[in-house]
Amino acid sequence: MKRQIFIIYIIILSFLSMSAYSQQCENKKICRTPETEHLLEALIDMPQRGFMFGHHDDPMYGIGWRGVIGRSDVKSVCGAYPGVISFDLGHIELGQVKNLDGVLFDSIRIEAVAQYLRGGMVSLSWHLNNPLTGKDAWDVSDTTVVASILPGGKIHEDFLKRLDIIAGFIKSIRTPDGTAVPILFRPWHENTGSWFWWGEKCCTVQQYKNLWKMTYNRLKKNNVRNVLFAYSPGSEPNDSTEYLVRYPGDDIVDLIGFDTYQFDHQKYVDVMNKCLGILTEVGKAHHKAIAVTETGYVTIPDSTWWTKTLLPILIKYPICYVLVWRNANDRKDHFYAPYLGQVSANDFVKFYEDPHTLFVGDALNLY
Ligand code: BMA
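Visitor: Tell me about the overall build of the chain, residues and numbers included.
Guide: Helices and strands together make up the secondary structure of the chain, namely 11 helices and 11 strands. By the compact-globule yardstick of 21 Å for 367 residues, the chain fits well, its C-alpha radius of gyration being 21 Å. In terms of principal-axis extent, the alpha carbons of the chain reach across some 75 × 50 × 40 Å. Counting all 367 residues of the chain, 55% fall into the buried class. Counting only contacts in the chain whose residues sit at least 6 apart along the sequence, the fraction spanning at least 24 positions is 75%. Put simply, the chain shows about 15800 Å² of open surface, and 56% of that area lies on carbon and sulfur atoms.

Right, here's the structure in full:
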């Protein structure tokens, strides 16, 4: 008898906790997996311990190599994989097997799972072709593209299929035991410049925000639960009000950042400090994680750039990560991370050893 009562008690208890869980999920917009939820909390708490270093396409190719399993320029220099690795989904929407930089989407899935299993974070950007002209993401010749893909637009239905492909891919990134790998998705980036077809001069503020809403809602409709969203505009805002002009909203965005690169040293230092000051303020007010979502100094010709330029700026602000762009092997002189023998490699080791910087192996506790 006692045993039966105990079993009934357990059944009631699990029923109550299940209904509490589904209620919690209904209240929120996208119902996130526990791992994704944990990642978001970890990103918000991260600045208490330091910030992660990130590198785009890190395990895919580097200087003098391509497609060598386990290889990484960053690891070859400091012995550890970056805490964050990002990949790009451009051309997946066209049903192609390789992205715009020649990387197989199957390899992206494999490497994203590998990065998760080693405790690191994965982010995805999307340099998608112009859906109206069929040219690349940089084709700004037509300013009606965003309008045409929004509800009521002439290629809206067709564009939803592209979003479904994105949703399907993000959902498909799973470990062998079926756990969906949490992904920080960073669509519609650098929108405050006008070099992409979703840029400032190509759509109104409202159209841009609707683009985000449509993207978010479509992923939700596809029951994508392993996703967080990053908003990362591109050109320098003057203050937090300006930063927030095209901000899609607290209910959609989980992390805020910005993309900026060094051309002139002093200008870079000034822009970084200004943007990070703004991000710190906005992040606090809106309870969002903050990050330098893309940066770098092409070919890093300054042998002490990591510890004399980048690090002293970053340690002043509560960021959770900084990410440098790719070490292209399909373009000459287009690399942003050091490789063995590169002039800034020794300095990068010092950057790695600094207690503020976090790589795989530094107990990131993301999940
Ligand atoms: C850009 C460059 C391009 C590349 C694109 C998407 O900044 O690196 O060569 O195609 O990013 O990765």
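Visitor: Tell me what's going on with the nonpolar core, and back it up with residues and numbers.
Guide: Counting residues in hydrophobic clusters, the biggest one holds 112 residues, and the most contacted among them are M52, F185, W188, W198, L276 and Y321. Looking at which element gives the most residues to this core, the answer is helix α9 (residues 265–286), with nine residues.

Visitor: Residue-level account of the pattern of salt bridges, with values.
Guide: Under the defined criterion, the tally for this structure stands at 11 salt bridges. In this structure, R326 engages D101 in a salt bridge whose closest nitrogen and oxygen atoms are separated by 3.6 Å. Of this pair, R326 sits in the loop between β10 (321–324) and α11 (345–353) while D101 sits in the loop between β4 (84–88) and α4 (105–117); the two residues are 225 residues apart in sequence, bridging distant segments of the chain. D101 matches R326 in its accessibility class, with the two residues each being buried.

Visitor: Quick rundown of a negative patch on the surface? Include the residues and the values.
Guide: Where like charges cluster on the molecular surface, the negative patch consists of E200, D239, E242 and E281. Checked against the element boundaries, E200 lands in the loop between β6 (183–186) and α7 (205–221). For E200, a relative accessible area of 40% puts it in the partly exposed group.

Visitor: Tell me about the side chain of N99, and please be specific about residues and values.
Guide: With respect to the helices and strands, the residue N99 is situated in the loop between β4 and α4. Among the polar contacts made by the side chain of N99, one reaches the main-chain amide nitrogen of D101 at a distance of 2.8 Å.

Visitor: Which residues make up the site of the ligand, and what values go with them?
Guide: Taken together, L100, D101, H127, W138, W325, R326, R331 and H334 make up the full set of residues near the ligand. D101 is positioned such that a nitrogen or oxygen atom in its side chain is 2.6 Å from an oxygen atom of the ligand. A distance of 2.8 Å separates an oxygen atom of the ligand from a polar atom in the side chain of R326. Burial of the ligand by the surrounding chains reaches 83%, relative to a free accessible area of 310 Å². Split by residue class, the shell around the ligand holds three nonpolar, two polar and three charged.

Visitor: Give a description of the side chain of S344 that names residues and reports values.
Guide: Structurally, S344 can be placed in the loop between β10 and α11. Leaving out residues up to four positions away in the same chain, S344 has contacts with I300, D302, S303, W306 and P338.

Visitor: How would you summarise unusual backbone geometry if you had to cite specific residues and measurements?
Guide: With phi around 50°, W188 is a residue other than glycine that occupies positive phi space. Among the secondary structure elements, W188 is positioned in the loop between β6 and α7. If you check the backbone angles, T299 has positive phi at about 65° while not being a glycine. Checked against the element boundaries, T299 lands in the loop between β9 (289–295) and α10 (305–314). The class of T299 is partly exposed, set by a relative accessible area of 22%.

Visitor: Hey, could you go over the packing of α10 against α11 for me, with residue numbers and the actual values?
Guide: At a closest axis distance of 8 Å, the pairing of α10 and α11 adopts a crossing angle of 45°. Comparing the axis directions of α10 and α11 gives the class oblique. Touching W305, W306, T307, L310 and L311 of α10 are D347, F348, K350 and F351, all from α11.

Visitor: For the pairing of β10, give the residues involved together with the corresponding values.
Guide: Judged by which residues are buried, β10 turns out to be covered on both faces: Y321 and L323 on one side and V322 and V324 on the other are all buried. Bridging between strand β1 (residues 51–56) and β10 involves four bridges; their strand directions are parallel. When the sheet's bridge partners are listed, G54 is paired in β10 with L323.

Visitor: Lay out helix α6 (residues 156–172) with the relevant residues and their values.
Guide: Given a rise of 1.5 Å per residue, 17 residues ought to cover 24 Å, and the 24 Å separating the end C-alpha atoms of α6 matches this to within 8%. Turning to α6, its buried residues are H156, F159, L160, R162, L163, I166, A167, F169 and I170. Buried-residue contacts for α6 involve α4, β5 (121–125), α5 (145–149), β6, α7 and β7 (227–231).

Cut-offs applied
- Residues numbered from 1 in each chain as written.
- Predicted model: local features only at pLDDT ≥ 70, side-chain atom pairs only at ≥ 80, totals over all residues.
- Heavy atoms only, no water.
- Helix = DSSP H or I, 4+ residues; strand = E, 2+ residues; numbered from the N terminus.
- Rg over C-alpha atoms; globule rule 2.2 N^0.38 Å.
- Buried < 20%, exposed > 50% of the residue type's maximum accessible area, 1.4 Å probe, protein only.
- Contact = heavy atoms within 4.5 Å.
- Areas by Shrake-Rupley, 256 points an atom, 1.4 Å probe, with all protein chains shown as cover.
- Core = buried A, V, L, I, M, F, W, Y, C linked by side-chain atoms within 4.5 Å.
- Salt bridge = Lys/Arg side-chain N within 4 Å of Asp/Glu carboxyl O.
- Patch = residues over 30% accessible without salt bridge, like charges linked within 9 Å, V, L, I, M, F, W, Y side chains within 5 Å.
- Lys, Arg positive; Asp, Glu negative; His and termini not counted.
- Charge placed at Lys NZ, Arg CZ, Asp CG, Glu CD.
- Polar contact = N/O pair within 3.5 Å; in protein donor to acceptor, adjacent residues only side chain to side chain.
- Near = heavy atom within 4 Å.
- Nonpolar A, V, L, I, M, F, W, Y, C, P; charged D, E, K, R; others polar.
- Axes fitted to C-alpha atoms, helices over the stretch in contact; angles between N-to-C directions.
- Parallel < 35°, antiparallel > 145°, perpendicular 65-115°, else oblique.
- Pairing = 2+ DSSP bridges.
- Expected span 1.5 Å × (residues − 1).

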